[in-house]
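# Reading the structure
Given next are the chains, with one letter for each unit.
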Amino acid sequence: MTRRRFSKLLVANRGEIAVRVIRACREMGIASVAVFSEADRAALHVRLADEALAVGPAPARESYLRIDRVLEAAKASGAEAIHPGYGFLAENASFARSCEEAGIVFIGPRSETIALLGEKTSARREALLAGLPVVPGTLEKIADEALLVSEAEKIGYPVMLKAAAGGGGKGLRLVATPGALLGALARARSEAQGAFGDDSVYLEKAIVGARHIEIQVLADAHGHAVHLFERECSIQRRHQKLIEESPSPFVTEELRERLGALALALVRRVSYVNAGTLEFLVDAERRAYFLEMNTRLQVEHPVTEMVTGLDLVKLQIRIAEGEELPLRQADLAQRGHAIECRVYAEDPDQGFLPSPGRITALRTPGGPGVRDDSGVYDGFEVPTHYDPLVSKLVVWAGSRTDAIARMRRAVAEYKLLGIRTTLPFFERVLRHPAFEAGDFDTSFVGTLLAEAPASFAPVDVAIAAAAISRFEERRRSRARGVAPAASGWRAAARREAHTARIGTRG
Amino acid sequence: MIFDASVSGRSVRVEVRGADGRYSLRLDGQPLEVWVTSAGPGFTSLLIGAKSHELGLERLPQGYRVVFPGSSVTVELAPAGRGSAMAGRHAHGPARLTAPMPGRIVRVLASAGADVVAGQGLVVIEAMKMENELKAPRAGRLQEMPVREGQAVEAGALLAVIGSGD
């Protein structure tokens, strides 16, 4: 493998991850090229990049997912490499192959590795051959409904329906009883088709009461591979991760070493190159089952960066340039504790319904040990077409207890008006005794949402603030000679169209 | 100036006097001295005694959403004597299901004329890459179901009207 230095790099993504890669480029002296859809002309990644090229209309399949247009943009700009971020084309083997054929370096593993590990049934086969334990299930995707029903019976309920091309909780359904199987199948297929352009699914036994723990790996093209320890991702809702941390409060030194060794066994078997993550389910007896390998940078990579002191995006770029890994396993250690909260444009009071719209005011937290990887700004309109991730709030501290206290402080400082976000939900999690004790599994969020939320808001202060505002509003409108009729107060209601609620309350 | 304020069903009579950031309030007769200053667009800083509060204020048709760290409170306000700030909220008549966000209708799960139960799924709407099932706010007969599968809808678009069913 020849060593080279990139002078210009195209970022085939949007939102916070595009911003993250552009920042790495800026620090490395590499010119960055953004691509954007018609809905994203004003997006932060376009503003921060050195160059930016339009690649099509708002729907992702007509812009960010168009391999031909992204490659054209790379050629037109003279970019030597493409960083795909996560989602969109990041695990698309034909995109990686098209890059290879066009002589543009795809920052990730080889296209055949992506194909092998990205298709989940072949990934399970490779994992078994590498000696990794896997969750019992069908090794092949199943098209025939009758076969699916009989396989589900064989595996035993509850079962998990999974999109073969899946990730990020899309096309994933937990099925508790035989009667619910076909309905869940229709939804899983339709979501998988929309998200990945492939509606094939397979079955796995659902491991109840398990933890979701993943191992970050890095491998260069010279045969060196290391693991960067674990991330705990059990705080998730419908398989969408909400909070991640490293180290996991559940992982013992013995389990950490065991998972790391399993991860590297698969990395070596497939001669993996660049950054990747192996996801495991770990049950209460600390039995680990390999779930899948994500052949890309993860959303939650910052928690690993905080505890290892490494910059994963820069290392990805250096590996793609043909560099050797600058460190070996013995050089690595987890230091302190890091937590990430994913701030989504979703309303936790309305069952996490999407809440796109304009951000009318924004204050982000600062101070010691706080990092905000954001893709938005004050005045930005969060579009409806893409993932609702607004920002990733990350903290680091010397211990888990201190990191939780710091995250609570940072969440309290984080103020965002105009749209609803998951921030109030994090306040609830971070105060929960089970979370503080590290005593939780993937069912935690469901259990928490079933509990009545304790309100910590000072209601009298809220009433005072609202009454004074209304008082001043009426006085100002009188001073302007506007009749303070009730209808006059409603002028502001135009701006509130996006706060429409489902039906009547009652 | 006197208002009837309402927070999640609890009603409070509020009296406000003062100017230029200094206000004397009575909440159900209890006095409260408040020193207010703007803390940038959308944000307000309150000193109540020496206690400092920074909060966000979002205007709603009936009042404000007051945003605290980690939680928010919706305060509805009406001039005193015009009845409860909650008036009109429990009006009888048909219940309307509207789209909470812009999106695309991927499935219609019931049709006009059908009797539905509270919490029954009526339509599935896709937004931000996720499918969301919208449920009947109450039991009754579906009077209108004006959407089709595949249709794009704006926030606030009417999706269903449920009659009382009697």
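The following refers to the structure shown. All of these numbers come straight from a predicted model, not from anything done at the bench.

The rules we used
- Residues numbered from 1 in each chain as written.
- Chains lettered and ligands numbered in written order.
- Predicted model: local features only at pLDDT ≥ 70, side-chain atom pairs only at ≥ 80, totals over all residues.
- Helix = DSSP H or I, 4+ residues; strand = E, 2+ residues; numbered from the N terminus.
- Buried ≥ 20, exposed ≤ 12 C-beta atoms within 10 Å, placed from the backbone.
- Contact = placed C-beta atoms within 7 Å.
- Rg over C-alpha atoms; globule rule 2.2 N^0.38 Å.
- Core = buried A, V, L, I, M, F, W, Y, C linked by C-beta atoms within 7 Å.
- Pairing = 2+ DSSP bridges.
- Axes fitted to C-alpha atoms, helices over the stretch in contact; angles between N-to-C directions.
- Parallel < 35°, antiparallel > 145°, perpendicular 65-115°, else oblique.
- Left-handed = near helix turned anticlockwise from the far one by under 90°.
- Nonpolar A, V, L, I, M, F, W, Y, C, P; charged D, E, K, R; others polar.

## Thoughts on the overall build of chain B
If you tally the helices and strands in chain B, you get zero helices and 16 strands. Projected onto the principal axes, the alpha-carbon positions of chain B cover approximately 55 × 40 × 20 Å. Within chain B, buried positions represent 34% of all 166 residues. Long-range pairs, those at least 24 residues apart, make up 42% of the contacts in chain B with a sequence separation of at least 6.

## Here's the deal with the overall build of chain A
When you go through chain A residue by residue, the secondary structure sums to 17 helices and 22 strands. For a compact globule of 506 residues, the expected C-alpha radius of gyration is about 23 Å, and chain A comes in at 24 Å, within 12% of that figure. With the principal axes as the frame, chain A shows a C-alpha extent of 80 × 55 × 50 Å. Sorting the 506 residues of chain A into buried and exposed places 52% on the buried side.

## Quick notes on the nonpolar core
Among the nonpolar cores identified, the biggest contains 195 residues, and Leu10, Phe280, Ala466 and Ala467 of chain A together with Val66 and Val75 of chain B are the most heavily contacted of them. Looking at this core element by element, the count peaks at eight residues for helix H16 (residues 459-479) of chain A. In this structure alanine 466 of chain A touches Ala5, Gly63, Tyr64, Val66, Val75 and Leu77 of chain B, once residues within four positions along its chain are discounted.

## Description of the pairing of strand E12 (residues 121-127) of chain B
All names here are of chain B. Judged from the four bridges that link them, strand E10 (residues 103-108) and E12 form a sheet pairing that is antiparallel. In the sheet register, arginine 104 faces E12, and the bridge partner there is glutamate 126. For E12 and strand E13 (residues 130-135), the ladder comprises six bridges, and the chain directions are antiparallel. When the sheet's bridge partners are listed, alanine 127 is paired in E13 with methionine 130. Where E12 hands over to E13, the hairpin turn is made up of two residues, of which methionine 128 adopts a positive phi near 50°.

## A look at the packing of helix H1 (residues 15-28) of chain A against helix H11 (residues 312-320) of chain A
Residue and element names in this part refer to chain A. The interhelical angle for the contact between H1 and H11, taken along N-to-C directions, is 65°, at an axis separation of 9 Å. By the angle between their axes, H1 is roughly perpendicular relative to H11. In this structure, H1 meets H11 at a crossing whose hand is right-handed. Of the residues in H11, those touching H1 at Arg20, Val21, Ala24 and Met28 are Val313, Lys314 and Ile317. When grouped by side-chain class, the residues that make up the contact of H1 with H11 number five nonpolar, no polar and two charged.

## Topic: the sheet that holds strand E5 (residues 43-48) of chain B
Residues and elements named next belong to chain B. With antiparallel pairing, eight strands are arranged side by side around a closed barrel as E1-E2-E3-E4-E5-E6-E7-E8. Taking each pair of neighbouring strands and ignoring which way they run, the sheet shows an average axis angle of 35°. Alignment of strand E2 (residues 10-19) against strand E3 (residues 22-27), held across six bridges, turns out to be antiparallel. The partner of glutamate 15 across the bridge, within E3, is arginine 26.

## Some points on the sheet that holds strand E10 (residues 225-237) of chain A
Residue and element names in this part refer to chain A. Reading across the sheet, the eight strands line up as E13-E12-E9-E10-E11-E14-E21-E19 and stay open at both edges, with antiparallel pairing between neighbours. Looking at the sheet topology across the chains shown, the edges are occupied by strand E13 (288-294) and strand E19 (370-374). Averaged over all neighbouring strand pairs, the angle between strand axes comes to 25°, with direction disregarded. Where strand E14 (residues 337-344) meets strand E21 (residues 389-397), eight bridges bridge the pair, whose relative direction is antiparallel. The partner of tyrosine 344 across the bridge, within E21, is leucine 389. Sitting on the sheet, helix H9 (residues 253-269) touches strand E9 (211-219), E10, strand E12 (274-282) and E13, and the angle it makes with E10 is about 115°.

## A short note on the pairing of strand E1 (residues 2-7) of chain B
Residues and elements named next belong to chain B. Burial runs high along E1: five of the six residues are buried. Pairing analysis gives six bridges linking E1 to E2, with the strands arranged antiparallel. Within E2, the residue paired with phenylalanine 3 across the bridge is valine 14. The hairpin turn running from E1 into E2, its antiparallel successor, is two residues long, and serine 8 in that turn takes a positive phi close to 35°. Both E1 and strand E8 (residues 71-79) contribute to a ladder of five bridges, which runs antiparallel. Bridge assignment links aspartate 4 to a residue of E8, and that residue is alanine 78.

## Focus: unusual backbone geometry
All names here are of chain A. Of note, the amide linkage connecting tyrosine 157 to proline 158 takes the cis form, showing an omega dihedral of 0°. Along the chain, proline 158 falls in the loop between helix H7 (145-155) and strand E6 (159-163). That bond from serine 246 to proline 247 is cis: its omega, -5°, falls within 30 degrees of zero. Here proline 247 is to be found in the loop between strand E11 (240-246) and H9.

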